[in-house]
Amino acid sequence: MEKIKHIAIIMDGNGRWAKRQLLPRTFGHKKGVEKVREIAIYANDLGIECLTLYAFSTENWRRPAEEVNYLMSLPKIFFSSYMKEIMANNIKIQMIGSLEGVPAEARKIFTDAIEESKNNTGMILNFAMNYGGRAEIVKAAQQYAIDYSNGSAGPLDEELFASYLMTKDLPEVDLLIRTSHELRLSNFLLYQLAYSEMVFTDTLWPDFTTDDLDDCIDQFYHRGRRFGGLNETENT
Ligand code: FPP
């Protein structure tokens, strides 16, 4: 089986983790940020090419203002604590989604981190920030329509359409992990997950360990990926 290149994670369960410790929800998010560091460094050590993390969805704006504000402070907490380590580990920061509507401070922190790490050649740590899968597809379709009508794009096929998505320069997503026992995609990478393997774990994101990641990757390698075809052994 081909080597796993791209892992995407829906980091769910921060709120429940905090509640279990009788702490405010924000403590769960803070712990979640520490986990991002741990898992990203480990995934880079494993030779994963890209790790995409769902940091803030277009639906997350519906949360109480106080929590939204805290979620918007996570980039500052993360990059001010760990940017040195990210650079030392040759990790390249990227982002999908939209910084429109994101407070100026968080926007600047992201764009600075992307700029500072742009020549790094290790794993891409790709944050989905203010991201929604449907919005991404609609935006791609709108841009294609413009390009087609002015003659700069030819007839549409899957490959051409994928080049209009925010993930255009990234490898296919091999594995999606969602923590905390929720069995939904929540508008994450709707086009890109067509053939991805999916692992749903009961572990809450703040409790997720490098061993858990190993276990998810193990599950990936024990599945027969067929992409709609047959395995070699079935082919007789
Ligand atoms: C879902 O848990 C998690 C989030 C909405 C935020 C996830 C973000 C991080 C872990 C860090 C992001 C890091 C950077 C650098 C931006 P939940 O609140 O929905 O948990 P619950 O389902 O238990 O309530």
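Within every chain, residues take consecutive numbers counted from 1 along the sequence as written. Note on the predicted model: pLDDT of at least 70 is required for a residue's local features to be given, and 80 or more for side-chain atom pairs to be given and counted; whole-chain, interface and lining totals, by contrast, use all residues. Only hydrogens and water are set aside when side-chain values are computed; all heavy atoms of the structure are taken into account.

A. Focus on the packing of aromatic side chains. Between 30 and 60 degrees the pair is tilted, below 30 it is stacked and above 60 it is edge-to-face, where a pair is any two Phe, Tyr or Trp rings, Trp via its six-membered ring, whose centres lie within 6.5 Å. Tallied over the full model, the rule gives 15 aromatic pairs. With a centroid separation of 5.8 Å and 85° between ring planes, the pair formed by tyrosine 144 and tyrosine 164 is classed as edge-to-face. Taken together, the positions of tyrosine 144 in helix 5 (residues 133–149) and tyrosine 164 in the loop between helix 6 (158–162) and strand 5 (175–178) put the pair 20 residues apart, joining distant regions of the chain. The same class applies to tyrosine 144 as to tyrosine 164, namely buried. Considering the side-chain rings of phenylalanine 161 and tyrosine 191, the 5.3 Å spacing of their centres and the 55° angle between planes classify their relative orientation as tilted. Taken together, the residues span a long stretch of sequence, with phenylalanine 161 in helix 6 and tyrosine 191 in the loop between strand 5 and strand 6 (197–200) at a distance of 30 residues. Burial classes: relative accessible area under 20% of the type maximum marks a residue as buried, over 50% as exposed, and values in between as partly exposed (1.4 Å probe, protein chains only). Relative accessible area serves as the criterion here: at 11%, phenylalanine 161 is assigned to the buried category. A cation sits over an aromatic face here: arginine 37 above tyrosine 82, 5.9 Å from the ring centre. Numbering of helices and strands runs from the N terminus, with a helix taken as a DSSP run of H or I at least four residues long and a strand as a DSSP run of E at least two residues long. Geometrically, a charge over a ring is one whose NZ (Lys) or CZ (Arg) sits within 6 Å of the ring centre while staying within 35 degrees of the ring normal.

B. Representation of the site of the ligand. Looking at the ligand, there are 19 residues lining it, with Asp12, Gly15, Arg16, Arg25 and Arg63 nearest. For the ligand, an oxygen atom lies 3.3 Å from a polar atom in the backbone of glycine 13. Each polar contact in these results corresponds to two N or O atoms within 3.5 Å; when the atoms are within protein, one needs to be able to donate a hydrogen and the other to accept it, and residues that are neighboring in sequence are counted only if both atoms are side-chain atoms. At 3.2 Å, a backbone N or O of asparagine 14 approaches an oxygen atom of the ligand. Only the protein chains shown count as cover for residues, and all accessible areas are computed by the Shrake-Rupley method using a 1.4 Å probe. When the free accessible area of the ligand is taken as 630 Å², the share hidden by the protein chains comes to 92%. Of all the secondary structure elements, the ones that give two or more residues to the shell around the ligand are helix 1 (14–20), helix 2 (25–46) and helix 3 (65–88). Throughout this entry, Asp, Glu, Lys and Arg are counted as charged residues, while Ala, Val, Leu, Ile, Met, Phe, Trp, Tyr, Cys and Pro are counted as nonpolar. The remaining residues, Gly among them, count as polar. Split by residue class, the shell around the ligand holds nine nonpolar, six polar and four charged. Here, proximity means that at least one heavy atom of the residue falls within 4 Å of the molecule or strand.

C. Examining the state of the cysteines more closely. Cysteine sulfur atoms are paired as a disulfide whenever they come within 2.5 Å of each other. Considering all chains together, one arrives at zero disulfides under this definition. No disulfide involves cysteine 50; its nearest neighbouring cysteine sulfur is the one of cysteine 216, lying 17 Å away. Residue cysteine 50 is classed as buried on the basis of its relative accessible area of 0%. Of the residues examined, cysteine 216 reaches a relative accessible area of 1% and is grouped as buried.

D. Structural context of the pairing of strand 2 (residues 50–57). Summarising burial for strand 2: seven of the eight residues are buried, a large majority. Across four bridges, the pairing between strand 1 (residues 6–10) and strand 2 is parallel. By the bridge assignment, isoleucine 7 is partnered in strand 2 with leucine 51. By this definition, two strands are paired if DSSP reports at least two bridges between them. Here strand 2 runs beside strand 4 (residues 124–131); their pairing, made up of seven bridges, is parallel. The residue bridging leucine 51 from the neighbouring strand is leucine 125, located in strand 4.

E. The packing of helix 2 against helix 3, seen in detail. Geometry is summarised by axes, namely lines fitted to C-alpha atoms with helices restricted to the contacting stretch, and by angles between N-to-C directions that run from 0 to 180 degrees. Contact pair helix 2 / helix 3: the axes reach a minimum separation of 10 Å and the direction vectors enclose 35°. The handedness of the crossing between helix 2 and helix 3 comes out as right-handed. On the side of helix 2, the interface is formed by Arg25, Thr26, His29, Lys30, Val33, Glu34, Val36, Arg37 and Ile41, while helix 3 contributes Glu67, Tyr70, Leu71, Leu74, Ile77, Phe78, Tyr82 and Glu85. Among the residues making up the contact of helix 2 with helix 3, the classes are represented as nine nonpolar, two polar and six charged. A crossing counts as left-handed when the near helix is turned anticlockwise from the far one by less than a right angle, and as right-handed when that turn is clockwise. Residues are treated as being in contact if the distance between any of their heavy atoms lies within 4.5 Å.

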